[in-house]
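Observations on chain architecture
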Amino acid sequence: MNIVKRVWAWIDDRSGFSNLVKPVLDHPVPPGSGWSYVFGSAALAAFILQVITGMALATSYVTSAGEAYNSLKFITDNSTLGYLLRGMHFYGASAMILMVGLHMIQVFLVGSYKFPRELNWLTGIVLLGATVALGFTGQLLRWDDIAVWSVFVASSMAARVPVLGNQLAQFIIAGDTIGGATLSRFFAFHVFFLPAVIFGVVAVHLTMVLYHGISEPPKAGRPVDPKTYRQWYHDYLERFGVPFWPDAAWRDIVFGIGMIAVIMILAIVFGPPQLGAPPDPSKIDAYPRPD
């Protein structure tokens, strides 16, 4: 333990890590911010789980129209822990969308979108859209008949947009018809562009949360007055605030660990979604639907 402490002291002295983390852990939060406030951190935990399992799956996935389907069958049936990883990635995606939705509902119901936290709400809307886009782009990577026909449906819907419809449809499918270029484009957006957007917007979102503080639970007869709110909130935290760590953070940790445990249990018991038949544009009896 002495060696560990000396190593940590050396790293902390050279990096100043504790000076960065300590204000985050010590910042006060309003009393009453209980279990209904855990959904934001749970959504972030689900996203990190998606990144980890996605990186593991990408080591065996082949981004080719001729090999993508077979590579997924190999991952599911023959790769070490492939069955578990695909299952956790699948249920983790649903958990992420669920947590983002619950977080935004909670924020709306307690009025946390009001002054001075409007930018928090707007960045949250961007994160919601990016999360849905992650789910949509990830479904095609299965490259079975349901996934391919889902993109046919999406591109045909986009084509009905006034003025820019045809351009949007061609952008979605990377050309005039679905093929290898479509798969490569969806893979790039799913693995690179959308996660980069989410990481960047999450950084802004969390910065705004630390800057403005966590919204206090609403109370009847206590409206938000932009002229006096900031001073009132500062005085309120001075009198009644509790430090984020450990008074509030333990709920985030317990809920996040529980969510990941549920995802793992679902992956073990039910496994990943079954692959449909290989893609066949001439087959018209497919039933495309979002996961």
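Refer to the structure printed above.
Please read these numbers as outputs of a predicted model, since none were measured by experiment.

Counting its regular elements, the chain contains 11 helices and two strands. Seen through its principal axes, the chain has C-alpha atoms that stretch 70 × 60 × 35 Å. Per-residue burial for the chain yields a buried fraction of 37% across its 291 residues. A fraction of 77% describes how many contacts in the chain between residues 6 or more apart in sequence connect residues 24 or more apart. In the form shown here, the chain has an accessible surface area of approximately 16800 Å², with 70% of it arising from carbon and sulfur atoms. Charge centroids of the chain, computed over 19 positive and 18 negative side chains, lie 6 Å from each other.

A few words on the pattern of salt bridges. Under the defined criterion, the tally for this structure stands at three salt bridges. With a shortest N-O distance of 3.0 Å, arginine 14 and aspartate 13 are connected by a salt bridge. Accessibility assignment for this pair places arginine 14 and aspartate 13 in one class, exposed.

This brings us to the packing of helix 8 (residues 165-173) against helix 9 (residues 180-212). Angle between the axes and distance between the axes: these two values describe a pair of packed helices. Packing of helix 8 against helix 9 brings their axes to within 7 Å, and their N-to-C directions diverge by 85 degrees. Considered as vectors, helix 8 and helix 9 are oriented roughly perpendicular to each other. Here helix 8 contributes Gln170, Phe171, Ile172 and Ile173 to the contact with helix 9, which in turn contributes Thr182, Arg185, Phe186 and Phe189. In the contact of helix 8 with helix 9, the residues fall into five nonpolar, two polar and one charged.

Along the chain, glycine 241 turns up in the loop between helix 10 (229-240) and strand 2 (242-243). Looking at glycine 241, the relative accessible area reads 27%, which means it is partly exposed. Among residues more than four places away in sequence, those in contact with glycine 241 are Pro28, Val29, Pro31 and Tyr236.

This part covers the packing of aromatic side chains. Taken as a whole and judged by the stated rule, the model has 18 aromatic pairs. Three or more aromatic residues joined by ring pairs form one cluster here, namely Tyr229, Trp232, Tyr233, Tyr236 and Phe240. The positively charged end of arginine 185 is found above the aromatic ring belonging to phenylalanine 171, 4.8 Å away from the centroid. Of note, arginine 222 hangs over the ring of tyrosine 236, and the distance from its end group to the ring centre comes to 5.7 Å.

What counts, and at which threshold
Residues numbered from 1 in each chain as written. Predicted model: local features only at pLDDT ≥ 70, side-chain atom pairs only at ≥ 80, totals over all residues. Heavy atoms only, no water. Helix = DSSP H or I, 4+ residues; strand = E, 2+ residues; numbered from the N terminus. Buried < 20%, exposed > 50% of the residue type's maximum accessible area, 1.4 Å probe, protein only. Contact = heavy atoms within 4.5 Å. Areas by Shrake-Rupley, 256 points an atom, 1.4 Å probe, with all protein chains shown as cover. Lys, Arg positive; Asp, Glu negative; His and termini not counted. Charge placed at Lys NZ, Arg CZ, Asp CG, Glu CD. Salt bridge = Lys/Arg side-chain N within 4 Å of Asp/Glu carboxyl O. Axes fitted to C-alpha atoms, helices over the stretch in contact; angles between N-to-C directions. Parallel < 35°, antiparallel > 145°, perpendicular 65-115°, else oblique. Nonpolar A, V, L, I, M, F, W, Y, C, P; charged D, E, K, R; others polar. Phe/Tyr/Trp six-rings, centres within 6.5 Å; stacked < 30°, edge-to-face > 60°. Lys NZ or Arg CZ within 6 Å of the ring centre and 35° of its normal.

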